[in-house]
Amino acid sequence: MSEPKRKFQPDPLAAVLGFLLPGAGHLYQRRYFKGVLYLVCILGTFLYGMRLGEWKVVYFRWDQPHRTYGYLLQSLVGLPALPAYFQSKRYEFVNHQRPVDDAEKWHEISEPLSAPFTGRIRLQRENGNEFLGAVSGQLTLQPVAGDLGQQAARGSFTGTIDGKQQELKLADPLLIGPERFASEDVAPRELLDNGRRHEFSNDRRYLKCHIVTGGDQPQSIGVLEGTIPRKFFDWFQVPVEAEGLQDLHSRLGKQFEVALVYTWIAGLLNILAMWDAYEGPAYGYGDEEQDDEDESPDDSAGETAAANETASGTNESSAPTAQAATSPSSSPGLET
Amino acid sequence: MWPLLAAGTNITWHLVPLAIVISLVYNASRYELPERIVRRAARLFILIMLGMGAVFSVLMVLSFAL
């Protein structure tokens, strides 16, 4: 090929680069074919596994009995898996006030919220009729001090309701999904639309609050229930809780297990790639055996072929010796 | 690979791309020459598929009429 033969010496930097991103060590060494091969194969396997598992197979939890030992293999893929470790810390930090695996919604917000809302509305009109239907628009909420010292929320919703653009005032009681969550049940609880009892989502966040009249003594005139978006880094590789895992297993079945296997194998394969970046290929360039094969086209028969097989893979432990005997020039650290 | 994600696809088919990837990466870590890597990977892939096919056949026979 066009890539010139190189001298293989231990290269720790390439190994580290290979750990951070599969194939990066080889690209750094200008071994482009293998760099691209490792990148496509290992990263592709990892991402495909994540896709199979709906992007919820890579996360880190170290609390009993939910320890994700598989993450130790997944982490060998490097940067694509490392966010899971930091996400577990962020998750613990944000959710430390509630027990792990408590899928209950929150009743308050700690900072102002402004997001596009999609869901349903039940609104009591001035003429006494009630409107119930789908709605979407912009929602804003601010935390405020309640009458009894507790935290409350006030805000507004602007959207098209029954064909007319309206602005509604919002107030407690508020029910909202956790800020950082991997798989939340966002199915409506009060304003049922399709009768589904559970509907899990990673990038949507459940929200329900009351619509109130204006003035000093606001009164409830309706309910707004639906979802707002959850930021990518608030669900990506965040630990999946028991309820979400149960949903994944029940819906995906064996596919979830296959997804895990894909990501584990990607990590294991990157060990081979890292070692190759560090010290070069195990059996050298491979053209040494090519010479032998030229003499014996059918390398599945004959003594030459038997020697080839010994030197090229059927017995790994004896391979370096065989290679050293037949091709000292291709050993790591020697110039060819 | 993406057609494998279609609903109703047998989960066993997911082993094929996995075998391809393992064959390629394993042989890439053994050799340096691209043509050598590809040839060896093709051979290993066939071996893996034959091995899995054999196991599959044995299991199928053992589970016959169960």
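Residues numbered from 1 in each chain as written. Chains lettered and ligands numbered in written order. Predicted model: local features only at pLDDT ≥ 70, side-chain atom pairs only at ≥ 80, totals over all residues. Heavy atoms only, no water.

### Some points on the overall build of chain A
Here is step 1: If you tally the helices and strands in chain A, you get 10 helices and eight strands.
Here is step 2: The proportion of buried residues among the 336 residues of chain A is 48%.
Here is step 3: Contacts spanning at least 24 positions in sequence make up 61% of the contacts within chain A whose residues lie at least 6 apart.
Here is step 4: Put simply, chain A shows about 16,900 Å² of open surface, and 56% of that area lies on carbon and sulfur atoms. (Helix = DSSP H or I, 4+ residues; strand = E, 2+ residues; numbered from the N terminus. Buried < 20%, exposed > 50% of the residue type's maximum accessible area, 1.4 Å probe, protein only. Contact = heavy atoms within 4.5 Å. Areas by Shrake-Rupley, 256 points an atom, 1.4 Å probe, with all protein chains shown as cover.)

### Description of the nonpolar core
Here is step 1: Formed by 44 residues in total, the largest nonpolar core has its most connected members in A:Leu37, A:Val58 and B:Val25.
Here is step 2: The set of elements that each furnish at least two residues to this core consists of α3 (32-52), α5 (83-94), α6 (242-252) and α7 (254-279) of chain A together with α1 (15-28) and α2 (34-62) of chain B.
Here is step 3: Setting aside residues up to four positions removed in sequence, B:Val25 forms contacts with A:Leu37, A:Tyr38, A:Cys41, A:Ile42, A:Leu269 and A:Leu272.
Here is step 4: Ranked by size, the runner-up nonpolar core spans 23 residues in total, among them A:Trp106, A:Ile109, A:Leu207 and A:Leu224. (Core = buried A, V, L, I, M, F, W, Y, C linked by side-chain atoms within 4.5 Å.)

### Quick word on the sheet that holds strand β3 (residues 151-161) of chain A
All names here are of chain A.
Here is step 1: If you walk around this closed barrel you meet the six strands as β1-β2-β3-β4-β7-β8, and the pairing is antiparallel. Averaged over all neighbouring strand pairs, the angle between strand axes comes to 40 degrees, with direction disregarded.
Here is step 2: Relative to strand β7 (residues 204-212), strand β4 (residues 164-176) runs antiparallel, the two sharing five bridges. Residue Leu170 lies in a different strand from β7, and its bridge partner there is Ile211. (Pairing = 2+ DSSP bridges. Axes fitted to C-alpha atoms, helices over the stretch in contact; angles between N-to-C directions.)

### What to know about the packing of α3(A) against α1(B)
Here is step 1: Where α3(A) meets α1(B), the closest approach of the two axes is 10 Å, and the angle between their N-to-C directions is 145 degrees. Our pair here, α3(A) against α1(B), has a crossing hand that is left-handed. Here A:Lys34, A:Leu37, A:Tyr38, A:Cys41, A:Ile42 and A:Thr45 of α3(A) come into contact with α1(B), specifically with B:Leu18, B:Val21, B:Leu24, B:Val25 and B:Ala28.
Here is step 2: In terms of residue class, the contact of α3(A) with α1(B) is made up of nine nonpolar, one polar and one charged. (Left-handed = near helix turned anticlockwise from the far one by under 90°. Nonpolar A, V, L, I, M, F, W, Y, C, P; charged D, E, K, R; others polar.)

### Re the packing of aromatic side chains
All names here are of chain A.
Here is step 1: A complete count under the given rule lists 13 aromatic pairs over all chains for this structure.
Here is step 2: The interplanar angle of 70 degrees and the centroid separation of 5.2 Å between the aromatic rings of Trp62 and Tyr69 together place this pair among those described as edge-to-face.
Here is step 3: Geometry around Tyr206 places Arg189 over its ring, the cationic atom sitting 5.4 Å from the centre. (Phe/Tyr/Trp six-rings, centres within 6.5 Å; stacked < 30°, edge-to-face > 60°. Lys NZ or Arg CZ within 6 Å of the ring centre and 35° of its normal.)

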